[in-house]
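So you can see what is in the structure, the chains are spelled out below.
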2 protein chains.
Amino acid sequence: MTYRVMGVDPGLTRCGLAVVDIEPNRRSTLVAVGVVGTEAGRSLDERLLVISEAVDTWLDLHKPEVLAVERVFSQLNVSTVMGTAQASGVVIVAAARRGIPVALHTPTEVKAAVTGNGQADKVAVTKMVTKILRLDTPPRPADAADALALAITHAWRRGVGQQGAAMSGGSLTPAQRLWAEAEARARRR
Amino acid sequence: MTYRVMGVDPGLTRCGLAVVDIEPNRRSTLVAVGVVGTEAGRSLDERLLVISEAVDTWLDLHKPEVLAVERVFSQLNVSTVMGTAQASGVVIVAAARRGIPVALHTPTEVKAAVTGNGQADKVAVTKMVTKILRLDTPPRPADAADALALAITHAWRRGVGQQGAAMSGGSLTPAQRLWAEAEARARRR
């Protein structure tokens, strides 16, 4: 049974959207990936509306079982953090209105889940996302890698495929093996 | 022609909602006032949904011409500011979805507009709101006074009633006179 997760990396200028299907054996497939947002010159209500409408459309089109959103902290980049928080509120309520559960994950949780290192840089995260999703080239747009990582992280932390991976034993694909190793590394922390 | 403004003082625990009708002669009438929100123990998506549904209901019921929302700053109370920003995003997009324009005002602007003093305390704001709206007692719930002040501030800053006030000359009501004086004091700053 495939588990479909939508990941959102909120932001007013660039809001990353991703949908990933995860099978019980952890095989993960990219369903959709994109970025929406507006230039800083537009009014706040217009900017939030663009994000709201995109998320509404994606939720209705892809019907994910859960929405994974990056948890926003007030310690981060002060000039944009309020807009990011406002965007995340709009994203979260779009799922809540449809009865779709929402999970929040910190950037450190996402990096640790995907690469095994909570301090990993963007390049490392993108590289692992590319491998996990069995893509020939890094996902485009590049800004959406975090949204994909969020979706993968949520499935991983929820334990999707743990039993499947254990049963499949040595028959893991290279990407699944990388993932299992990353998981083991993260557990040792 | 009456100008109807909805004011919202965003927050997850207590979100103040107010609707005020302002006539060209500045006579201001309370249409509705209330507070919505949830205890901190509920999940963020549930909390945002409660606010979203309340604002949707108020916008559809009262059909304001504009929504005035308090501008949130990251410098304020760090422990709650992210939730406040997320709530404000939900509130703003509810208006944007209906094509209702949104105006943001800072707490200092609101205090200056209503009392003539940008540093006024809650008691002074509530007192002036009570006078401006010609209420016998301070508005209840008390937390909603800021939402009322926001609605009044927006009409005032937009210039509603300026011509009417000029034409009515010495025939201002006591509340209108207080308002005109507050406006004059604020302009001198």
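Just so you know, these numbers come straight off a predicted model, no measurement behind them.

Rules of the game
Residues numbered from 1 in each chain as written. Chains lettered and ligands numbered in written order. Predicted model: local features only at pLDDT ≥ 70, side-chain atom pairs only at ≥ 80, totals over all residues. Heavy atoms only, no water. Helix = DSSP H or I, 4+ residues; strand = E, 2+ residues; numbered from the N terminus. Expected span 1.5 Å × (residues − 1). Contact = heavy atoms within 4.5 Å. Buried area = accessible area lost by both parts, 1.4 Å probe. Salt bridge = Lys/Arg side-chain N within 4 Å of Asp/Glu carboxyl O. Polar contact = N/O pair within 3.5 Å; in protein donor to acceptor, adjacent residues only side chain to side chain. Nonpolar A, V, L, I, M, F, W, Y, C, P; charged D, E, K, R; others polar. Pairing = 2+ DSSP bridges. Axes fitted to C-alpha atoms, helices over the stretch in contact; angles between N-to-C directions. UniProt positions renumbered as here; feature names shortened; annotations may be inferred. Buried < 20%, exposed > 50% of the residue type's maximum accessible area, 1.4 Å probe, protein only.

So, helix α1 (residues 44-62) of chain B
Since the α-helix packs 3.6 residues into each turn, any two residues three or four apart lie on the same face.
Right, so step 1: Taking 1.5 Å as the rise per residue, α1 of chain B with 19 residues should run 27 Å; its terminal C-alpha atoms sit 27 Å apart, in good agreement.
Right, so step 2: Just downstream of α1 of chain B lies K63 of chain B, where phi reads positive at about 45 degrees.

Quick look at the interface of chain B and chain A
Right, so step 1: Each side of the interface is counted separately: chain B has 23 residues, and chain A has 23 residues.
Right, so step 2: Across the chain B to chain A interface the summed buried area is about 1,900 Å²; carbon plus sulfur atoms make up 72%.
Right, so step 3: At the junction of chain B and chain A, the tally comes to 0 salt bridges.
Right, so step 4: Along the contact surface separating chain B from chain A lie 4 residue pairs in polar contact (both at pLDDT 80 or more).
Right, so step 5: Put simply, the parts of the chain that give the side of chain B that touches chain A at least two residues each are α1, α2 (78-97) and β5 (102-105) of chain B.
Right, so step 6: With 12 residues, α2 of chain B is the largest single contributor of residues to the side of chain B that touches chain A.
Right, so step 7: When its residues are assigned to classes, the side of chain B that touches chain A shows 15 nonpolar, 5 polar and 3 charged.

Topic: the sheet that holds strand β3 (residues 28-36) of chain A
Residues and elements named next belong to chain A.
Right, so step 1: Judged by pairing direction, the sheet is mixed, and its 5 strands sit side by side in the order β3-β2-β1-β4-β5 without closing on themselves. One side of each edge strand has no neighbouring strand; the edge strands of this open sheet are β3 and β5 (102-105). Shown here is a sheet whose adjacent strand axes are inclined to one another by a mean of 20 degrees, direction ignored.
Right, so step 2: Inspection of the sheet shows strand β1 (residues 3-9) paired to strand β2 (residues 15-22) by 7 bridges, in the antiparallel sense. Following the sheet pairing, Y3 is matched in β2 by I22.
Right, so step 3: In the packing of helix α5 (residues 145-158) onto the sheet, contacts are made with β1, β2, β3, β4 (66-70) and β5, and the angle to β1 comes to roughly 135 degrees.

Concerning the UniProt feature "binding site: Mg(2+) 1" (unreviewed entry) in chain A
Residue and element names in this part refer to chain A.
Right, so step 1: Taking the UniProt record as the reference, the feature "binding site: Mg(2+) 1" (unreviewed entry) is found at D9 and D143. Spatial clustering of the annotated residues is evident: they stretch over 135 residues in sequence, but the largest pairwise C-alpha distance comes to 9.0 Å.
Right, so step 2: By the element assignment, D9 lies in strand β1.
Right, so step 3: Once residues within four sequence positions are removed from consideration, D9 is found in contact with R14, C15, G16, E70, D143, D146, A147 and L150.
Right, so step 4: Summarising the element assignment, D143 is placed in the loop between α4 (122-132) and α5.
Right, so step 5: On the basis of relative accessibility, which here comes to 30%, the residue D143 falls in the partly exposed class.
Right, so step 6: Beyond its immediate sequence surroundings of up to four residues, D143 is in contact with D9, R14 and V35.

Quick word on the pairing of β3 of chain A
Residue and element names in this part refer to chain A.
Right, so step 1: Where β2 meets β3, 8 bridges bridge the pair, whose relative direction is antiparallel. Bridge pairing links C15 to V36 in β3.
Right, so step 2: Counted along the chain from β2 to the antiparallel partner β3, the turn is 5 residues long, and its residue R26 has a positive phi close to 80 degrees.

So, the pattern of salt bridges
As a working rule, side chains carrying opposite charge can pair if their charged atoms are close by.
Right, so step 1: Applying the stated criterion to the full structure yields 16 salt bridges over all chains.
Right, so step 2: With its nearest N and O atoms 2.8 Å apart, the salt bridge here joins K122 of chain B to D146 of chain B. Residue K122 of chain B is found in helix α4 (residues 122-132), and its partner D146 of chain B is found in helix α5 (residues 145-158); the two are separated by 24 residues along the sequence.
Right, so step 3: The network of salt bridges with common partners includes D56, D60 and R98 of chain A.

Focus on the side chain of T84 of chain B
Right, so step 1: Looking at where T84 of chain B falls in the secondary structure, it is placed in helix α2.
Right, so step 2: Once you skip the residues sitting within four places of it in the chain, T84 of chain B turns out to touch P10, G11 and V72 of chain B.

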